[in-house]
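Per-entry structural report
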Amino acid sequence: MEQIADLTRREIHNTFHGKILPPDHPISHHVRRVVSRILTASNLGVLHGEQPAHATLRGDSFGEFTEFGASARPTEAYGPRKKWDVIVVDDKKTINAMATPGAVVVFTGILSVCRDEEGLAAVLAHEIGHVVARHTAESISSQKIWSGVAAILQLLSVDYTITQNLTALLFRLPNSRTHEREADLIGLRLMSKACYDPRAALAMLERLGQLKKSVMPRKAFEFARTHPAHENRVKYLEAALPEAYQIVESNPECAAVRKQLDAFRETAHQAKIDEIKFGD
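Here goes a summary of the coordinates provided.

What counts as what
Residues numbered from 1 in each chain as written. Predicted model: local features only at pLDDT ≥ 70, side-chain atom pairs only at ≥ 80, totals over all residues. Heavy atoms only, no water. Pairing = 2+ DSSP bridges. Helix = DSSP H or I, 4+ residues; strand = E, 2+ residues; numbered from the N terminus. Contact = heavy atoms within 4.5 Å. Axes fitted to C-alpha atoms, helices over the stretch in contact; angles between N-to-C directions. Parallel < 35°, antiparallel > 145°, perpendicular 65-115°, else oblique. Left-handed = near helix turned anticlockwise from the far one by under 90°. Nonpolar A, V, L, I, M, F, W, Y, C, P; charged D, E, K, R; others polar.

What about the sheet that holds strand β1 (residues 46-47)?
Pairing is mixed in the open sheet, where four strands are placed in the order β1-β2-β4-β3. Edge strands, defined here as strands with exactly one partner in the open sheet, are β1 and β3 (97-100). By the bridge criterion, five bridges tie strand β2 (residues 83-89) to strand β4 (residues 103-107) in an arrangement that is parallel. Its bridge partner lying in β4, valine 88 is registered against valine 106. Of the strands in this sheet, β1, β2 and β4 touch helix α2 (residues 26-41), which is tilted by about 145° from β2.

Regarding the packing of α2 against helix α4 (residues 117-132)
Where α2 contacts α4, the axes come no closer than 10 Å and their chain directions differ by 55°. Put simply, α2 runs oblique to α4. Classified by chirality, the crossing of α4 by α2 is right-handed. Judged by residue contacts, His30, Val31, Arg33, Val34, Val35, Arg37, Ile38 and Leu39 of α2 engage Glu117, Leu120, Ala121, Leu124, Ala125 and Ile128 from α4. By residue class, the composition of the contact of α2 with α4 is 10 nonpolar, one polar and three charged.

Let's talk about the environment of alanine 70
For alanine 70, the location among the structural elements is in the loop between β1 and β2. Expressed as a C-alpha distance, the spacing of alanine 70 and valine 131, which sit 61 residues apart in the sequence, is 8.6 Å. Those residues in contact with alanine 70 that sit more than four places away from it in its chain are Phe65, Tyr78, Val132, Ala133 and Arg134.

In structure tokens form, the structure reads like this:
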């Protein structure tokens, strides 16, 4: 996991050299604040330069995520002493974000789709959810199975293209959709524990769905997708909302955090109105 994270960091730095924003840039500061809140709220680690919030944890601290493949104990991928990097790439054409153990990468193109801090929290919690569920390790392990099946099919003289399509439809794509569903549900819990409004995850999915329709108007069958249809993702997140709001309400710190977020949103909204008036 450490090697994967280091490789990701090196590749990002090599590929986007000159486009990576410094940590003290306002956008970097904004992204780092959201990542830090999500990590510390669930004892998943801290950003480099920060101190761990908790010295020790009970053995079952991550038990709420085990149904999605997470370990019930701190691992090399996450834990209260895990150090994380945040890399912000100034690329407005790339609408993406990702996370590997110890690293979160955000492209500035996704910020306009996020719209606000809670939209960004929904995206980042989802990506960190992949790490919590150890999806990278699962994918590496599954690759051996896919390769084995492909080898057997080729030994049976099945055409190479047919072999690749079959392994994709029967193994890779269903596995990818399962990972996305798990990351959605884990992400909902993570952002709720960080006191963000869980419904922001649904709103973000709706915006991403609309964006995808504008780029790819033709609708593919779900069995041929890497992600579940956004309509289905919204449905199962809606079903999980009562639990998510219970997480928020059970945290006594969330009342103060919600006031801060609402006040900031109102200030930003008023500033936008004033900007429009001034422009006129």
